[in-house]
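Report on the structure
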Amino acid sequence: MVNQADEEKALSRFQSLMKSEHWLATYIRDLLSAHDLSGSVDFSAAEQLLSAEKEQFDKDLAVTRRMLRIYGKQVVSENVAQFAHSD
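Position numbers for residues count from 1 along each chain, tracking the sequence in the order it is written. Confidence filtering applies because this is a predicted model: local features only for residues at pLDDT of at least 70, side-chain atom pairs given and counted only at 80 or more, and all residues used for totals across whole chains, interfaces and linings. Hydrogens and water molecules were not included; the side-chain quantities draw on all heavy atoms of the structure.

The next subject is the overall build of the protein chain. Only runs of H or I of at least four residues qualify as helices and only runs of E of at least two qualify as strands under DSSP, and these elements are numbered from the N terminus. Counting its regular elements, the protein chain contains three helices and zero strands. Secondary structure of the protein chain in N-to-C order comes out as α-α-α. For the radius of gyration, the atom set is restricted to C-alpha positions; the globular benchmark scales as 2.2 Å times the number of residues to the power 0.38. Taken over C-alpha atoms, the radius of gyration comes to 19 Å for the protein chain, far larger than the 12 Å a tight globule of 87 residues would show. Based on the C-alpha atoms only, the size of the protein chain along its principal axes is roughly 50 × 35 × 20 Å. Accessibility throughout is a Shrake-Rupley quantity obtained with a 1.4 Å probe, and a residue counts as covered only by protein chains that appear here. Accessible surface for the protein chain amounts to roughly 7,800 Å². Of this, 58% is attributable to carbon and sulfur atoms.

Shown next as structure tokens:
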């Protein structure tokens, strides 16, 4: 049996997730939208949505890796300089 404190903690964590830019939040929104449109979501639809999310994640990761490879040293040096001035 789930107690009230556990439910409140889970709800709070869920709300934080949904406000974030995490891929899981996007996937959940897509699932809810699909459910709203059709009145239900089967495993096939959930799998298709997850596959699309993974594909977008992989594309974003590739771009991020390219940016890091090209601009990585510049970003690191800027962050070090900014951190040094914040003390």
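Quick look at helix α2 (residues 23-38) now. The span one expects for a helix is its residue count, reduced by one, times 1.5 Å. With 16 residues, α2 should cover 22 Å at 1.5 Å per step; its first-to-last C-alpha distance of 23 Å lies within 8% of that length. The buried label goes to any residue with under 20% of its type's maximum accessible area, the exposed label to any with over 50%, and the partly exposed label to all in between, with areas taken from a 1.4 Å probe on protein chains only. Listed as buried for α2 are A25, Y27 and I28. Each buried residue of α2 lies within a common arc of 160 degrees when the element is viewed along its axis, so the set occupies one face. Exposed side of α2, more than 90 degrees from the buried face: L37 and S38 are the residues found there. G39 sits one or two residues past α2 and shows a positive phi near 85 degrees. Picture the helix axis, draw a direction to every C-beta atom, and the arc is the one those directions span.

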